[in-house]
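Residue-level listing of the chains:
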Amino acid sequence: EPEVTQTPSHQVTQMGQEVILRCVPISNHLYFYWYRQILGQKVEFLVSFYNNEISEKSEIFDDQFSVERPDGSNFTLKIRSTKLEDSAMYFCASSRTGGWGNQPQHFGDGTRLSIL
Amino acid sequence: KNEVEQSPQNLTAQEGEFITINCSYSVGISALHWLQQHPGGGIVSLFMLSSGKKKHGRLIATINIQEKHSSLHITASHPRDSAVYICAASKGAQKLVFGQGTRLTINP
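Source: prediction; values computed, not measured.

Side note on the interface of chain A and chain B
Every contact between the two is made by 22 residues of chain A and, on the other side, 23 residues of chain B. For the pair chain A and chain B, the summed buried area comes to about 1,800 Å², and 57% of that belongs to carbon and sulfur atoms. Applying the counting rule to chain A against chain B returns 1 salt bridge. Between B:Lys95 and A:Glu56 there is a salt bridge; the shortest N-O distance is 3.8 Å. Linking chain A to chain B there are 2 residue pairs in polar contact (both at pLDDT 80 or more).

What about the state of the cysteines?
Counted according to the given criterion, the structure contains 2 disulfides over all chains. Across the disulfide, A:Cys23 is cross-linked to A:Cys92 (sulfur-sulfur distance 1.9 Å). In this structure the cystine formed by A:Cys23 and A:Cys92 twists about its S-S bond by roughly -65°; its chirality is therefore left-handed. Of this pair, A:Cys23 sits in strand E3 (residues 19-24) while A:Cys92 sits in strand E9 (residues 88-95), placing them 69 residues apart in sequence. You can call A:Cys23 buried: its relative accessible area is 1%. There is a disulfide in this structure between B:Cys23 and B:Cys87, and the S-S distance comes to 1.8 Å. With the S-S bond torsion at -50°, the cross-link from B:Cys23 to B:Cys87 turns out left-handed. Placement of the pair is B:Cys23 in strand E3 (residues 19-25) and B:Cys87 in strand E9 (residues 83-91), with a sequence separation of 64 residues.

Cut-offs used in this document
- Residues numbered from 1 in each chain as written.
- Chains lettered and ligands numbered in written order.
- Predicted model: local features only at pLDDT ≥ 70, side-chain atom pairs only at ≥ 80, totals over all residues.
- Heavy atoms only, no water.
- Contact = heavy atoms within 4.5 Å.
- Buried area = accessible area lost by both parts, 1.4 Å probe.
- Salt bridge = Lys/Arg side-chain N within 4 Å of Asp/Glu carboxyl O.
- Polar contact = N/O pair within 3.5 Å; in protein donor to acceptor, adjacent residues only side chain to side chain.
- Disulfide = S-S within 2.5 Å.
- Helix = DSSP H or I, 4+ residues; strand = E, 2+ residues; numbered from the N terminus.
- Buried < 20%, exposed > 50% of the residue type's maximum accessible area, 1.4 Å probe, protein only.

Written out as structure tokens, the structure reads:
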């Protein structure tokens, strides 16, 4: 069965550095998402992406964050000037359709980001 | 108040017991999702439903739209069912709003 893959599985970065988290969504999926889960807390929506643009973003997704689909297969989350509170598990997800034509979202295994 | 609330937060049971996890939501939704999070952190989608009931193996999910309530049931529970079970609601353009999860432990 096709899978969403995320790399790296664990990223350790110094505070203030930039990180790029990478995701390869399922190939025929059109909607892409990033979520994060701070240790011990619930999963939170960051951003959804469709047709090469952001379709929705949360309050968390401020100017520090950006997303890109650079080559038709990868979907990346960039965090500029990382802070300690950015330490979390980041999940990528994809679905075939979005909006009110509901489809299940398929999740990657996550990238654990640790900011020192 | 959280838009999606789950109960209980923690549940420990013996192998073979019938398990019920509840989810209430306070917003209009397009669908309700049940997900499983393994100890390593990975998330797997179990069910997506907007009405009625769905069954997959020993797992059953139900939803009552009028009462804004959903339940996940596990029959003949097994230690390998031990995981965190998460309820999430789809709103609008498929953004998921997550509950806080229920940590289930099944003892042999």
